[in-house]
Amino acid sequence: MPINILSQETINKIAAGEVVERPLNVVKELVENSLDAFASSVTVEIEKAGKNLIRVSDNGCGMDKKDLELSILRHATSKIENFEDLSHIHTMGFRGEALSSIAAVSNFDVKTRKKGESSGWKLSSNGGKNVSVVPCSGSEGTITEVRDLFFNVPARQKFLKSDSTERSRIISSFEEIALANPEISFKMFSENKTVFSASKTNNKLERISDILGKDFAKNLKRAEVEHPKVALDIYFTGRDNSLANKKYQYLFVNSRPVNYPKWLTHCVYQAYRESIPHDMHPGILIYITIDPSEIDVNIHPTKKEVKFADEQSMYDIVYKIIKNTLVSHSYPEIKINIEPKEDVALKTPYTLNNFTHQHKENYSLRKDDNVVAEPISKYNPKNYSIDKYANVFARQQEFSPESFDENIKVLGQTFGTYIVVENKDNLYIFDQHAAAERVRYEAYLSQIKTQSLKMQQLLIPETFDISPSGAAVLKANIALFNELGIIIEEFGHNSFRITAYPALLGTVAIEQIIKTIVSDIEDDKNAEMKEKTDKIIRCACRSSIKAGDSVSFIETKKMISDLFKCNHPFTCPHGRPTAYRISLNELEKFFKRK
Ligand code: ADP
Ligand code: MG
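Treat the numbers as computed from the prediction; the structure is a model and nothing was measured. (Residues numbered from 1 in each chain as written. Chains lettered and ligands numbered in written order. Predicted model: local features only at pLDDT ≥ 70, side-chain atom pairs only at ≥ 80, totals over all residues. Heavy atoms only, no water.)

## A look at the pattern of salt bridges
Next up, step 1: Taken as a whole and assessed by the stated rule, the structure comprises 33 salt bridges.
Next up, step 2: Notably, a salt bridge pairs Lys307 with Glu311, separated by 2.9 Å at the nearest N-O pair.
Next up, step 3: In this structure, Arg497 engages Glu489 in a salt bridge whose closest nitrogen and oxygen atoms are separated by 3.1 Å.
Next up, step 4: Judged by its relative accessible area of 31%, Glu489 falls in the partly exposed class.
Next up, step 5: Among the ionic contacts, a cluster of salt bridges with common partners joins Arg273, Glu274, Arg438, Glu442, Asp534 and Arg538. (Salt bridge = Lys/Arg side-chain N within 4 Å of Asp/Glu carboxyl O. Buried < 20%, exposed > 50% of the residue type's maximum accessible area, 1.4 Å probe, protein only.)

If you want it as structure tokens, here you go:
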């Protein structure tokens with residue numbers, strides 16, 4: 001087979017395929033160039049979802065004639081000089097291939113006037129050919145115009161989706177950039193109509209409110225962590241504001257919107273696990289400002305992924321900060337102030353150089369004093385694998401229980417399910433089942449932890465049969481069941497026998513519980529030991545007092561006071577709320593006494 005050397009034109013078109021898959025990539029690359037040019041205002045105009053026109057205008061530093069000519073050459077960049085520079089990227093772009101790629105597949109114009117110069121220059125090209133540069137007038141900054149995208153790559157054109165789909169992709173991508181850069185004002189027009197407009201602010205929450213809506217923003221909690229190498233600013237929904245989908249989950253690393261890496265998604269969901277129902281999702285925006293040498297931004301063709309040098313530490317910090325805030329016993333949840341705060345300095349990538357020197361040695365938490373994070377240097381990931389229960393326990397222990405007033409008044413039970421309680425200036429309505437489940441769950445954990453599990457021996461062991469696949473699962477996990485106090489023995493083919501189980505479970509249909517656990521484990525074959533442990537304990541506790549059972553006054557009072565001693569009194573182990581609260585204040589307002 002004869003080998004051909006490809007022409008520069010073909011090489012550029014191939015390269016364009018990687019960078020410019022669809023109109024949204026053009027918008028993203030051009031807006032990133034404006035940000036890198038220190039623009040404080042960026043406007044995007046599109047026609048026919050960017051297929052006919054994409055125009056990005058900025059008031060950034062502009063280019064002189066020489067740079068303008070270089071800018072559309074492949075591998076032409078002002079942002080890095082050599083390979084080493086890749087390890088400390090401060091800019092959005094760095095590969096020097098966006099303009100050449102975009103120019104190769106469109107009719108392309110750049111009008112630019114460098115700051116301080118009296119006039120500017122205009123570059124035009126058609127599919128990367130017929131490049132001309134002529135003088136032009138215009139204000140300082142740059143206007144990049146991309147027309148007839150993919151006119152010379154019909155295969156790409158066919159690959160594009162409907163205008164409404166492509167348009168909404170552009171808008172989402174632009175929204176992400178706007179969320180990441182509140183200190184810059186953004187405008188977007190489609191067919192000359194305003195799609196959105198966000199004026200600059202030094203308050204992220206204001207920007208979040210502009211883009212994602214006031215209703216979403218007003219309920220967000222906020223937590224900040226600072227460290228010599230990393231600063232985190234996290235905005236997230238509380239226990240009562242979880243969402244039905246994952247739409248509102250954003251990650252920004254040095255002002256770059258990126259996808260959540262798997263480990264970080266895991267971290268966030270673990271932190272929320274006991275606070276929200278399993279089928280709900282948190283809304284969360286994590287802003288990370290990090291020393292660029294601690295991340296690799298060059299791992300993805302469209303720069304949508306970032307690799308962290310120290311994922312484990314980051315996992316730990318994010319986990320702690322969210323978890324601590326979620327389980328803080330204040331109820332109702334603290335609302336954050338939308339007013340700009342003077343002490344919250346927003347860090348753009350351009351200040352990252354000074355970043356290390358600006359910040360204090362240890363984490364200091366500005367918002368909630370009960371949130372305590374440790375400096376990265378002290379963190380030892382091994383702590384988490386010492387024993388298989390470590391995760392379950394370590395995380396339960398981080399939070400010191402708040403002491404409730406001793407004078408809890410249990411007023412009674414209503415609708416056969418709810419317990420009405422007065423404490424301090426609050427009236428609580430507890431879901432009896434959820435509350436009992438929480439109490440039992442924490443007691444179970446604590447008895448195992450302290451190796452003081454109280455057992456009840458069965459006078460006559462209970463024997464049961466199970467399906468062959470269930471039997472296999474049970475055999476494989478029999479040691480774990482036994483360690484957790486559910487003593488099972490093999491008793492012939494696919495038959496087992498239970499001789500004892502934890503006393504705190506009371507009188508339960510233990511065989512049924514075991515079968516449910518086994519099918520749970522079967523459904524999640526990849527579950528690790530600690531997840532299985534947790535499954536067993538949770539499932540066993542589900543057999544707590546069932547809603548509808550009537551309970552004696554003494555029992556109820558004890559349960560409620562035990563609940564207030566729990567680490568997470570306000571959710572059941574499956575994430576449902578345990579209590580509804582009405583404050584005296586609210587009652588007085590309702591009855592117009594105030
Ligand atoms: P990269 O952003 O990776 O450097 P690009 O192909 O996107 O590569 O841009 C090439 C160069 O053109 C940039 O390094 C920058 O110097 C210049 N440039 C592009 N867009 C602008 C702009 N809007 N304002 C000023 N300079 C720009
Ligand atoms: Mg660029």
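## Let's talk about a nonpolar patch on the surface
Next up, step 1: Where nonpolar side chains cluster on the molecular surface, the patch consists of Leu584, Leu587, Phe590 and Phe591 and spans about 420 Å² of accessible area.
Next up, step 2: Secondary-structure assignment places Phe591 in the segment after α19 (584-590).
Next up, step 3: Under the relative-accessibility criterion, Phe591 is labelled exposed at 54%. (Patch = residues over 30% accessible without salt bridge, like charges linked within 9 Å, V, L, I, M, F, W, Y side chains within 5 Å. Areas by Shrake-Rupley, 256 points an atom, 1.4 Å probe, with all protein chains shown as cover. Helix = DSSP H or I, 4+ residues; strand = E, 2+ residues; numbered from the N terminus.)

## Here we look at helix α10 (residues 311-327)
One turn of the α-helix equals 3.6 residues, which is why residues spaced by three or four share an orientation.
Next up, step 1: With 17 residues, α10 extends 24 Å from end C-alpha to end C-alpha; this agrees with the ideal 24 Å at 1.5 Å per step.
Next up, step 2: Across the 17 residues that make up α10, a large majority, 15, are buried. (Expected span 1.5 Å × (residues − 1).)

## What to know about the packing of aromatic side chains
The description of two aromatic rings rests on the distance between their centres and on the angle between their planes.
Next up, step 1: Tallied over the entire structure, the rule returns 13 aromatic pairs.
Next up, step 2: Note on Tyr428 and Phe430: the rings are 5.6 Å apart at their centroids and 25° apart in plane angle, and the pair reads as stacked.
Next up, step 3: On the basis of relative accessible area, Phe430 is assigned to the buried category, the value being 0%.
Next up, step 4: Aromatic pair Phe590 and Phe591: ring centres 5.0 Å apart, planes at 90°, arrangement edge-to-face. One exposure class covers both Phe590 and Phe591, and it is exposed.
Next up, step 5: Put simply, the rings of Tyr235, Tyr250, Phe252 and Tyr287 touch in pairs and so form one group of aromatic residues.
Next up, step 6: The ring of Trp121 is capped by Lys65, whose NZ or CZ atom sits 5.2 Å from the centre of that ring. (Phe/Tyr/Trp six-rings, centres within 6.5 Å; stacked < 30°, edge-to-face > 60°. Lys NZ or Arg CZ within 6 Å of the ring centre and 35° of its normal.)

## Examining the packing of helix α13 (residues 432-449) against helix α17 (residues 529-542)
Next up, step 1: Where α13 meets α17, the axes come as close as 9 Å, and the angle between the chain directions of the two elements is 135°. Between α13 and α17, the angle falls in the class oblique. Seen from above, α13 lies across α17 with right-handed handedness. Across the interface between the two elements, His433, Glu437, Arg440, Tyr441, Tyr444, Leu445 and Ile448 from α13 touch Asp534, Ile537, Arg538, Ala540, Cys541 and Arg542 from α17.
Next up, step 2: Classifying every residue of the contact of α13 with α17 by side-chain character gives seven nonpolar, one polar and five charged. (Axes fitted to C-alpha atoms, helices over the stretch in contact; angles between N-to-C directions. Parallel < 35°, antiparallel > 145°, perpendicular 65-115°, else oblique. Left-handed = near helix turned anticlockwise from the far one by under 90°. Contact = heavy atoms within 4.5 Å. Nonpolar A, V, L, I, M, F, W, Y, C, P; charged D, E, K, R; others polar.)

## Things to note about the sheet that holds strand β10 (residues 230-236)
Next up, step 1: Taken together, the five strands give an open sheet; going across it, the order is β9-β10-β13-β11-β12, and neighbouring strands pair in mixed fashion. The sheet is open, and its two edges are formed by β9 (221-226) and β12 (256-258), each paired on a single side. Here the strands of the sheet are splayed against their neighbours by 15° on average, with no regard to which way each runs.
Next up, step 2: Here β10 pairs with strand β13 (residues 284-290) via seven bridges, running antiparallel. (Pairing = 2+ DSSP bridges.)

## With respect to the site of ligand 1
Next up, step 1: Surrounding ligand 1, one finds 18 residues, the nearest of these being Asn33, Thr77, Ser78, Lys79 and Gly96.
Next up, step 2: Contact distances for ligand 1 include 3.0 Å between an oxygen atom and a backbone N or O atom of Phe94.
Next up, step 3: Between ligand 1 and Ala98, the relevant distance is 3.2 Å, taken from an oxygen atom to a main-chain nitrogen or oxygen of the residue.
Next up, step 4: Notes on ligand 1: free accessible area 530 Å², of which the protein chains cover 93%.
Next up, step 5: Here the residues of the shell around ligand 1 sort into six nonpolar, eight polar and four charged. (Near = heavy atom within 4 Å. Polar contact = N/O pair within 3.5 Å; in protein donor to acceptor, adjacent residues only side chain to side chain.)

## Section: the nonpolar core
Next up, step 1: With 55 residues, the main nonpolar core has Val31, Phe108, Leu179, Phe186, Ile208, Leu212 and Leu285 as its most contacted residues.
Next up, step 2: In this structure, Val31 is in contact with Val42, Val44, Val56, Phe174, Ile177 and Phe186, ignoring residues within four places of it in sequence.
Next up, step 3: Counting residues in each nonpolar core, the second largest holds 36 residues, with Ile234, Val253, Val268 and Ile295 among its members. (Core = buried A, V, L, I, M, F, W, Y, C linked by side-chain atoms within 4.5 Å.)

## Focus: the pairing of strand β20 (residues 487-490)
Successive side chains on a regular strand alternate, one facing one side of the sheet and the next facing the other.
Next up, step 1: Of the pairings in the sheet, the one linking β20 to strand β21 (residues 495-502) comprises four bridges and is antiparallel in character. Residue pairing across strands places Ile488 opposite Ile498, the latter belonging to β21.

## Comments concerning unusual backbone geometry
Next up, step 1: Of note, the phi angle at Phe38 is positive, near 65°, even though the residue is not glycine.
Next up, step 2: Residue Phe38 is classed as exposed on the basis of its relative accessible area of 52%.
Next up, step 3: Residues other than glycine seldom take positive phi values, yet Gln451 does so here, at roughly 50°.
Next up, step 4: Along the chain, the position of Gln451 falls in the loop between α13 and β19 (455-465).

## Quick look at the pairing of β13
Next up, step 1: Counting buried residues in β13 gives seven out of seven residues, a clear majority hidden from the surface.
Next up, step 2: Alternating positions in β13 separate into two faces, Ile284, Ile286, Ile288 and Ile290 on one and Leu285, Tyr287 and Thr289 on the other, with burial throughout.
Next up, step 3: Relative to β13, strand β11 (residues 249-253) runs parallel, the two being bridged by five bridges. Residue pairing across strands places Leu251 opposite Ile286, the latter belonging to β13.

## A closer look at the sheet that holds β21
Next up, step 1: Spatially, three strands are ordered β19-β21-β20 in an open sheet, and the strand pairing comes out antiparallel. Because the sheet does not close on itself, it has two edges, and the strands there are β19 and β20. When strand polarity is set aside, the average angle formed by the axes of neighbouring strands in this sheet is 20°.
Next up, step 2: Of the strand pairs in this sheet, β19 and β21 are connected by seven bridges, and their pairing is antiparallel. Pairing of Met455 across the sheet is with Pro502, part of β21.

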